[in-house]
Each structure stands twice: as structure tokens, then as C-alpha cells.
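# Analysis of the macromolecular model
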Amino acid sequence: MTTSASLTALVVAAGVSGLGAVPRWRGLLDEEAWALADAFRRLAPETPAAHAIAHLPAPLLVGLLETIFVPGMAHHYLFRKRLIEDEVRRAVARGARQLLVLGGGFDGAGLRMARCFPELTVVEVDLPRTQARKRHVLMEIGHPIPRNCRFVAADLSRQTLDDLLASTGATRPELPTLVVIEGVLMYLEEPDVRALFTSLRRIFPGELSVVFGAIAVPDAEGPLGLRLVNRLLALGDEGTAWCCPSHRMAAFVAPLGYTLARSVTYGALQREHRSPAETRRVPEEDENYYVVTGA
Ligand SMILES: C[S@@+](CC[C@H](N)C(=O)[O-])C[C@H]1O[C@@H](n2cnc3c(N)ncnc32)[C@H](O)[C@@H]1O
């Protein structure tokens, strides 16, 4: 297991914080979200690589993400956050009382949603080192962790969610629950992804929705730059493993006890916010987003 905080979580925070400087995107998130992304970018880095990423000028970082990963990637980070926040707000309006965020990284949505909805129980799980770094940054900037927001440190590839949540008593099985798994499942092996969805259904037998991203094709089959970055990230345990294209998702989740309620491809998410000329090079499928409900 890697001994430093997640580099990919930092890349997401840095990409989002970089776009926050562009007036056009400023209205997509609230000021607290921008301030948190900026604080995580500046204060979370512990390694030379992380410092280098965090200190790249924003346009250069956005351009690098576009070139190395996939066209539109920095924007994708921002747009998926908007999609997820909308899903959380919708779920709360429909009666959800619990939000479980798996692999929260350097994202402020759990904290912000806990503050906005005091009746919501928010539980955020991440690897110990990343979560410790997150707490450290929050302490540095004097940002309080709301009383209804709890951080639980765990490695989901080593500990089952059932054991984790039973041993910590962090969640209440009877509450209508939304689970957010943003930019995480690609780092797990397929059996672990299946086990995770099965566990969630068992742990929350009542009303349950899950919003999650899944890459459509393996990074190991992508362009040369992506293959190289994936090999480097794999050295720090952050190489991608599981993928599933959108036309197979309904069949993937059905035997695990879920119905596909919403499917938004990478390209469709970009077209919600950008013009056809801007999205010309954006692939239709990359990290697509899905909402599934417990069947
Ligand atoms: C790409 S980052 C995404 C962070 C955040 N969800 C976002 O989108 O801004 C991936 C996150 O998954 C977490 N993660 C990866 N493997 C994990 C595991 N086995 N157990 C718990 N968390 C994990 C990493 O620590 C990191 O915070």
C-alpha cells in the first residue's frame, strides 16, 4: 500500500481549483467548494511529485490533463462534481437521510452537504494517509468538520465495508441512503467492485441509491501517454483496473441487486456545459457516470 496521500485525489483538486480561476465556471460550485479545492491543492502535497503538480500554473495543468489523459478531463472533474451535488440534493429532497462517500479524497462535498443539511448523516471513507492529510489541511485553514460528518479511515481493498461499518457504527442501516463513489471504482479489481455493491445492498436493505463513475475502457489500452501515466500511477497503487462500458452497466449491476436509474456518458456530461466546437475532440465514453437504485 502507498504511504503518501493519493496523488490522483490531488490531481482532481488541482484541476478543479485551476478551473475556479475561470469566471465562466465559477458559478458551477459555491465559494466554499472553490476555497476547499484551492486549500487542498496548496496544502495537501507531501511529496515532490505532488508539490510539482500543485504548483503548475492552472492553464498548464488543465492543458496537461487534456493531453496526457483525455480531452476534457479537467472539466470532467468539475462537471462530475456538479452532477453529484445535484444528485445529493435531489436524494435529500426525496428523503435520503444518510450520505456515504467512498474514497472522498480532497473533495469538499461531504463537508458542505453536512453543513447544508444538518439532518443528514455524512460518512466519508478513504485510505488512512489521504484522510489524515485532509484533516491536516482542514485544521490548517480552520475549517470545521460538522458534527454530522464523520471520517472513517480504511482500505476498501483489504477490509469489507460490512466489517468496517459494523465495527465503527458510523452508519445506520435503516436510513434512506445515497452512496457517492466518485473517481474510485477504476482502482479496484472487478471482484472487489462486485463485492462492494453487494455489501452496500446488504448493509442498507431499505432505500438505497448509488452514484458512481466507471471508466469504459482500460487505461492500459489507451494512447501512449495515458498508458505511461497509468504505469507510473500503478507504482503508487493507483493504476486503473476495473472498467465497464455504458451499454453493459445495466447488466453488470442487475445481479448485484440494482436497477440502472441514470446513465450519463463522459461526452454527454461535457455537452451539458460546453459547445459542440469545444467538445469536438472529447470521446463519447471515458469515465461515465451512473445512478443505480437498490432493486
Ligand atoms: C481519483 S481520487 C478521487 C477523490 C474524490 N472522490 C474526487 O473525485 O475528488 C481516488 C480516491 O480513492 C481513494 N481510494 C483508492 N483506493 C482506495 C481503497 N482501496 N480504499 C479506500 N479509498 C481508496 C484514494 O485515496 C483517493 O482519495
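In case you missed it, the structure is sitting above this.
Treat the numbers as computed from the prediction; the structure is a model and nothing was measured.

### What about the overall build of the protein chain?
- Tallying secondary structure elements over the protein chain gives 13 helices and seven strands in all.
- By the compact-globule yardstick of 19 Å for 295 residues, the protein chain fits well, its C-alpha radius of gyration being 18 Å.
- Projected onto its principal axes, the C-alpha coordinates of the protein chain cover approximately 45 × 45 × 35 Å.
- Burial analysis of the protein chain (295 residues in total) assigns 43% to the buried set.
- Sequence separation of 24 or more characterises 77% of the internal contacts of the protein chain that already satisfy a separation of 6 or more.

### Quick notes on the sheet that holds strand 1 (residues 98-102)
- If you trace the seven strands from one edge of the open sheet to the other, you get 3-2-1-4-5-7-6, paired in mixed fashion. One side of each edge strand has no neighbouring strand; the edge strands of this open sheet are strand 3 (149-153) and strand 6 (258-264). Between one strand and the next, the sheet's axes are offset by a mean angle of 20°, whatever the strand orientation.
- Summarising the sheet, strand 4 (residues 177-181) and strand 5 (residues 208-215) pair through five bridges and their orientation is parallel. Looking at strand 5, one finds that Leu178 is bridged to Ser209.
- Docked against the sheet, helix 8 (residues 128-141) engages strand 2 (121-126) and strand 3, running at close to 145° with respect to strand 3.

### Section: the environment of Ser199
- Looking at the element boundaries, Ser199 is found in helix 10 (residues 190-203).
- Assessed through the 18 C-beta atoms surrounding it within 10 Å, Ser199 is described here as partly exposed.
- For the pair Ser199 and Asp155, spaced 44 residues apart in the sequence, the C-alpha separation amounts to 15 Å.
- With residues up to four places along the chain from it excluded, the contact list for Ser199 reads Thr160, Leu161 and Asp162.

### Structural notes on the environment of Leu196
- Among the secondary structure elements, Leu196 is positioned in helix 10.
- By the C-beta count within 10 Å, which is 23 here, Leu196 ends up buried.
- Those residues within four positions of Leu196 in sequence are excluded, and the remaining contacts are Leu156 and Leu161.

### Notes on the site of the ligand
- With respect to spatial proximity, 18 residues lie near the ligand, and among them Ser6, Thr8, Gly103, Gly105 and Leu156 are the closest.
- Residue composition of the shell around the ligand, grouped by class: six nonpolar, eight polar and four charged.

### What to know about the nonpolar core
- By size, the foremost hydrophobic cluster in this structure holds 82 residues, and its most contacted members are Leu10, Ala13 and Leu99.
- With residues near it in sequence (within four places) discarded, Ala13 still touches Ala37, Phe40, Arg41, Ala44 and Phe106.

### Regarding the packing of helix 1 (residues 7-19) against helix 5 (residues 58-68)
- Running from N to C, helix 1 and helix 5 point in directions that differ by 125°, and their axes come no closer than 9 Å. Considering their axes alone, helix 1 and helix 5 lie oblique with respect to each other. When you trace helix 1 past helix 5, the crossing you get is left-handed. The segment helix 1 lies against helix 5, with Ala14, Gly15, Gly18 and Leu19 engaging Ala58, Leu61, Val62 and Leu65.
- Here the residues of the contact of helix 1 with helix 5 are counted per class, giving six nonpolar, two polar and no charged.

The rules we used
Residues numbered from 1 in each chain as written. Predicted model: local features only at pLDDT ≥ 70, side-chain atom pairs only at ≥ 80, totals over all residues. Helix = DSSP H or I, 4+ residues; strand = E, 2+ residues; numbered from the N terminus. Rg over C-alpha atoms; globule rule 2.2 N^0.38 Å. Buried ≥ 20, exposed ≤ 12 C-beta atoms within 10 Å, placed from the backbone. Contact = placed C-beta atoms within 7 Å. Pairing = 2+ DSSP bridges. Axes fitted to C-alpha atoms, helices over the stretch in contact; angles between N-to-C directions. Near = placed C-beta within 6 Å. Nonpolar A, V, L, I, M, F, W, Y, C, P; charged D, E, K, R; others polar. Core = buried A, V, L, I, M, F, W, Y, C linked by C-beta atoms within 7 Å. Parallel < 35°, antiparallel > 145°, perpendicular 65-115°, else oblique. Left-handed = near helix turned anticlockwise from the far one by under 90°.

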